[in-house]
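Each chain, letter by letter, is given below.
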Amino acid sequence: MFTSLADGWVEVGLTESKVTVYINVTQRKNTRIGISSGSSLNDGQWHSVHLNALENYAMLTVDGDEASTVRTAIPIQIQTGGSYYFGGYFMHTNSRSPQRSFQGCMQMIHIDDHLVDLRAVEQGHIGTFENVSLDMCAIIDRCVPNHCEHGGHCTQTWDTFICNCSGTGYTGATCHNSMYQQSCEEYKHQGRSSGSYWIDPDSSGPIAPFRVSCDMTDEKVWTTVKNNLSPQTSVTSADQEGKAVLKITYNVTDEQVLSVTGNAEYCEQYVAYACRMSRLLNSPDGVPYSWWVGRANERHSYWGGSGPGIQKCACGIEHNCTDPKHYCNCDADLRAWREDTGLLVYKDHLPVSQVVVGDTSRAGSEAKLTVGPLRCQGDRNYWNAASFNSPTSYLHFPSFRGETTTDISFYFKTSSAHGVFLENLGTTSFLHIELRGASMVLFSFDVGSERLELSVRSPVPLNDDQWHRVEAEKNIKEAVLQVNGQYREVKATPPQGHTKLEFYSQLYVGASSGQRGFLGCMRALKINGVTFDLEGRAEMTLAVSPGCQGHCNSYGMHCRNRGKCVEQYNGYSCDCSLTAYDGPYCTEDVGGYFETGTLVRYDFLSEAGAFASREGKSLSGVPVPSEANLTEEELVFSFSTSSTPSILVYISSRTQDYLAVVLRHNGTLQIRYSLGGLTEPHTIDVDHRNMANGQPHSVNITRKLREIRLQLDHYPVYTYSLPESSDTHFNLVKSIFLGKVFETGQIDPILIERYNTPGFVGCLSRVQFNSVAPLKAALRSGLAAPVSTHGILVPSNCGASPLTISPMASASDPWHVEAAGAVFPLNDNKGSDDGVDRNFAIIGGIISIVIFIVLCIMVFVIRHMFRHKGSYHTNEAKGAESADCADAAIIVNDPAFTETIEESKKEWFI
């Protein structure tokens, strides 16, 4: 508003989202008074302004809020003029700068408490107007309806609206796209390790993201959702009917649980009922005493280890219950504690939301309940795939529901340079995604009479038979096309783009309308958060087959340490059987802690060939015949110890040939090769450093004929040569010993006298000799191998850090968004330095204590062994003629060895 005064003027405006008032009095040498009030008044909502100018002061109030009232003194009495200008007034004088006219709506205009008659203005009776729509508000409220999805906050300008997605877990112009991956399976194939993650199974769908625990250690990924019930919870507080109700809550909603179990291949939940005179089910024919409530609020009367509708416990299925008349241990109604445990595996009934226990009100009745977390395995949607075998192949689905926002995502791999991925037609709408050329993806759609086309060109070929991802989105503000998560194009949508897409035909995946279709594999097709079942539709369609092969072409590099990638119907796995590693990617060290006297022995079967694997091949792929004499071998292992001397690895043969790696008294490494032709073994002394410093060290020894290559830790490779008079064949390899040697036949006496007593104390890991991993065979009970262990061997990774797949960059990693908002109490630099010093002090103290304890144990063991001095023999044991085997002969003649065996039979609880 602007009005002239008898001596000056008054202006009311909107500046920086606030109402400002300027009063200019010319009598007092251009005295100018300014006041302002309010904030964020450009939010598209109605606001009221009250300006009251009296004799000596003026007051401004916004939205009737007394707290917003601003008052200022006026030096002289002012007199108003006769004309008031609303919306804009441009004076051609230098007294004030021209202001932009107001854009918006005004109503209820009062001057001196009189309502202005806008109809009279419209009819021309009073005042004039220009470019104003009277008696209507023509402003477009762009936040009603709110196009910001998933709880995004909408703000608007005159031309557009903006969505604030902070705190929603979604991103994009309309907060449509989820920041998180759909499952633990997807995190695993980004190279993540086990931990707690946010997942969003329906991505852009209505289900909010939620936090779960992901266990990546097995071949299949486990997703865990925890509950609030503590293990062994006592069952008390029965109601009037004698029933005790225990409600079990989770940190997720029913919809979120359904999204996990629905997508999983397998789910389970552990339940346990410990009882004393508290019956669980009693009889399959009668009404059960107890039951549990699962998903959909259904009541179930079977227990863990059993199945739906059976009304039994696990012992009733296995026929080993305490009382054969009943089908649960607790139904025997004994005064002694009994327990019924097992896994509930029918995933459509999970998770357990409530347990009702009905037999705890009698005198002497007691019961304890355990309900474990919900654990699910696999993600069927992530690997849901189909193979298109012909350029005319296609799958068709019912047309998806048109929305103001439409998103499409899928993975593909192909060796063809052209092909239509998918297409949908409508009366006024059209949607099309195709591969055009070897490196371009095209996304086009029609809205009304206008067509929008986006194209993304990849710097690397997309027809390289590797997996690539395409993400396309169309909303009312913009269209986005993205390839492989990094190459993208964005275009603004036309004004009529606010309308919903309307399709009349089916959705075609592959060839349609006479065009050449996609030729290759496609998986994980999602539209608006809904996964399309490519496998199910492919089973009913000619020229399209369910599933994909060739996953190893894209993901085979994840199998480390010579692990073999194995194709699977819905994914891939890493075969670590010929490596010294374990885990889903063959990156986890397999190691063990050796106590005094502990040894591991691995025997080669003579009929299977010296080092032949089950396929008759060594690790290098060279066939090894039976009773082979090797001219090359590779020995790799890691160790850590603080005690010397000791034998780390000893490889014997059925002749006098052997290979030994020992630690000398000063902690340096020595390699002893005896291949025949020499009167003394050929020794290689590595004198440049002490290896018995308690730190993990890696050793790699490779021999080819007379050339020996040795690498320690990260140091350069050193090359040594066997003497010309030495033989080059390692004849008839017999056994591998780790930690200590108990062998019959002729053994190097220096090796035994200097290094075999009291034995290796420390950690060994990653032990591999060609294709044989003896330590892994000893520690993995599931592996059938000719391996034996004497003494106490405790699994340990020896402090080595497991290898991981290189993580994605933090700039493209949405996981860092949450950390970006975290508040850390310490300064980065200072905190890290202090933390390192403090950690070193703690670690140093612990190491000192451990070394002291180890020394005390060594003193005790040495004194003990010296009492049996001379009990160990290096020549052929007497009594071998009557013994079943060589080991038995040693046991008969060596009482110390017998004591070691007896000691190893004891059970130790730590």
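Structure shown above.
Predicted model only: the values in this text are computed from it and were never measured. All residue numbers refer to positions counted from 1 along the written sequence of the respective chain. Totals for whole chains, interfaces and linings use every residue, but because this is a predicted model, local features are given only for residues with pLDDT of at least 70 and side-chain atom pairs only at 80 or more, for both listing and counting. Each side-chain value is worked out from all heavy atoms of the structure, with water and hydrogens disregarded.

### A few points about the overall build of the protein
Phase 1: For helices the rule is a DSSP run of H or I covering at least 4 residues; for strands it is a run of E covering at least 2, with both sets numbered from the N terminus onward. What the protein contains, in helices and strands, is 12 helices and 59 strands.
Phase 2: Across the 910 residues of the protein, 45% fall into the buried class.
Phase 3: Pairs of residues are marked as contacts when any of their non-hydrogen atoms sit within 4.5 Å. Sequence separation of 24 or more characterises 63% of the internal contacts of the protein that already satisfy a separation of 6 or more.
Phase 4: If you sum the accessible surface of the protein, you get close to 46200 Å²; carbon and sulfur atoms cover 52% of it. Only protein chains enter the accessibility calculation, which uses a 1.4 Å probe; a residue is then buried when its area is under 20% of its type maximum, exposed when over 50%, and partly exposed in between. Each accessible area value is a Shrake-Rupley result obtained with a 1.4 Å probe; residue values ignore everything except the protein chains displayed when judging cover.

### A look at a negative patch on the surface
Phase 1: Taken together, Asp43, Asp63, Asp65 and Glu66 make up a surface patch of like negative charges.
Phase 2: Residue placement: Glu66 occurs in the loop between strand S6 (57-62) and strand S7 (70-73). To count toward a patch, a residue needs a relative accessible area over 30% and no salt bridge; like charges are then connected within 9 Å, while nonpolar side chains (Val, Leu, Ile, Met, Phe, Trp, Tyr) are connected within 5 Å. Take a side-chain nitrogen of Lys or Arg and a carboxyl oxygen of Asp or Glu: if they are within 4 Å of each other, that pair is a salt bridge. In this tally Asp and Glu are treated as negative and Lys and Arg as positive; neither His nor the chain ends contributes. Each charge is placed at NZ for Lys, CZ for Arg, CG for Asp and CD for Glu.

### Remarks on the pattern of salt bridges
Phase 1: Using the criterion set out here, one finds 17 salt bridges in the structure.
Phase 2: One salt bridge connects Glu434 with Arg436, and the closest N-O pair in it is separated by 2.8 Å.
Phase 3: Here Glu434 falls in the buried class, since its relative accessible area comes to 11%.
Phase 4: A relative accessible area of 38% places Arg436 in the partly exposed class.
Phase 5: A salt bridge links Glu634 to Arg562, with the nearest nitrogen and oxygen atoms 3.2 Å apart.

### A short note on the sheet that holds strand S52 (residues 697-704)
Across a sheet, paired strands are connected by hydrogen bonds in the backbone, their directions being either parallel or antiparallel.
Phase 1: Whether two strands pair comes down to DSSP finding at least two bridges between them. Across the sheet, which stays open at both edges, the 7 strands sit in the order S54-S53-S52-S47-S57-S44-S59 with antiparallel pairing between neighbours. Of all strands in the sheet, those bounded by a partner on one side alone are strand S54 (718-721) and strand S59 (793-795). With direction set aside, neighbouring strand axes in the sheet form an average angle of 25 degrees.
Phase 2: One ladder, built from 4 bridges, connects strand S53 (residues 707-712) with S54; its direction is antiparallel. Directly across from Leu710, in S54, lies its bridge partner Tyr718. Here an axis means a line fitted to C-alpha atoms, over the contact stretch when the element is a helix, while the angle between two N-to-C directions is reported on a 0 to 180 degree scale.

### Looking at the side chain of Arg689
Phase 1: Locating Arg689 in the fold gives a position in the loop between strand S51 (682-686) and S52.
Phase 2: What makes Arg689 buried here is its relative accessible area of 17%.
Phase 3: N or O atoms closer than or at 3.5 Å make up a polar contact, with two conditions inside protein: a donor-capable atom paired with an acceptor-capable one, and, for residues adjacent in sequence, both atoms drawn from side chains. One polar contact links Arg689 to His697, side chain to side chain, over a distance of 2.7 Å.
Phase 4: Looking at Arg689, its side chain comes within polar contact range of the side chain of Asp713, at 2.3 Å.
Phase 5: With residues near it in sequence (within four places) discarded, Arg689 still touches Gly667, Thr668, His697, Asp713 and Tyr715.

### Some thoughts on the nonpolar core
Phase 1: Among the nonpolar cores identified, the biggest contains 44 residues, and Tyr273, Leu280, Trp303, Val352, Val355, Leu369 and Val371 are the most heavily contacted of them.
Phase 2: Here the element with the most residues in this core is strand S25 (residues 366-377); it accounts for 5 residues.
Phase 3: For our purposes a nonpolar core is just a set of buried Ala, Val, Leu, Ile, Met, Phe, Trp, Tyr and Cys residues, chained together by side-chain atoms within 4.5 Å. Counting 42 residues, the second largest nonpolar core, distinct from the first, contains Phe594, Leu663, Tyr673 and Leu738.

### Observations concerning the environment of Tyr755
Phase 1: With respect to the helices and strands, Tyr755 occurs in helix H7 (residues 749-755).
Phase 2: Note on Tyr755: relative accessible area 3%, which makes it buried.
Phase 3: C-alpha separation for the pair Tyr755 and Ile647, spaced 108 residues apart in sequence, amounts to 5.8 Å.
Phase 4: Residues contacting Tyr755, with those up to four places away along its chain left out, are Pro645, Ser646, Ile647, Val662, Leu663, Arg664, Gln670 and Ile750.

### Considering the state of the cysteines
Phase 1: Note on disulfides: each one is a pair of cysteine sulfur atoms within 2.5 Å. Summed over the entire model, instances satisfying the criterion amount to 11 disulfides.
Phase 2: The disulfide bridge from Cys165 ends at Cys175, spanning 2.0 Å between sulfur atoms. Residues Cys165 and Cys175 are joined by a disulfide whose S-S torsion is about -90 degrees; by sign, that bridge is left-handed. Residue Cys165 is found in the loop between strand S12 (161-164) and strand S13 (170-171), and its partner Cys175 is found in the loop between S13 and strand S14 (177-178); the two are separated by 10 residues along the sequence.
Phase 3: Covalent S-S linkage joins Cys184 and Cys214, the inter-sulfur distance amounting to 1.9 Å. With the S-S bond torsion at -70 degrees, the cross-link from Cys184 to Cys214 turns out left-handed. A residue pair is termed long-range when its members are at least 10 positions apart, and Cys184 in helix H2 (residues 184-188) and Cys214 in strand S16 (residues 210-215) qualify at 30 residues.

### Topic: unusual backbone geometry
As a rule of thumb, non-glycine residues mostly have phi less than zero, and peptide bonds are mostly trans rather than cis.
Phase 1: Each neighbour pair has its own omega, and for Thr644 with Pro645 the value is -10 degrees, a cis peptide bond.
Phase 2: Structurally, Pro645 is set in the loop between strand S47 (632-641) and strand S48 (646-653).
Phase 3: The omega torsion of the bond from Thr757 to Pro758 falls at 5 degrees, within 30 degrees of zero and hence cis.
Phase 4: Inspection of the secondary structure assignment puts Pro758 in the loop between H7 and strand S57 (762-769).
Phase 5: Positive phi values are uncommon outside glycine, yet Arg562 reaches one of about 70 degrees.

### Digging into the environment of Arg71
Phase 1: Along the chain, Arg71 falls in strand S7.
Phase 2: Remark: the alpha-carbon pair of Arg71 and Ile35, spanning 36 residues in sequence, is separated by 7.8 Å.
Phase 3: Setting aside residues no more than four positions away along its own chain, Arg71 makes contact with Tyr57, Ala58 and Met59.

### Section: a nonpolar patch on the surface
Phase 1: Judged by side-chain polarity, Leu14, Phe86, Phe102 and Met106 come together as a nonpolar surface patch covering roughly 350 Å² of accessible area.
Phase 2: Within the element layout of this structure, Phe102 appears in the loop between strand S8 (80-85) and strand S9 (110-111).

### Here's the deal with the sheet that holds S6
Phase 1: Strand order across the open sheet formed by 3 strands is S5-S6-S7, with antiparallel pairing between neighbours. Edge positions in the sheet fall to strand S5 (49-53) and S7, since each has one partner strand and no second. Strand-to-strand twist in this sheet, taken as the mean axis angle between neighbours without regard to direction, amounts to 10 degrees.
Phase 2: By the bridge criterion, 4 bridges tie S6 to S7 in an arrangement that is antiparallel. Counterpart to Ala58 in the pairing with S7 is Thr72.

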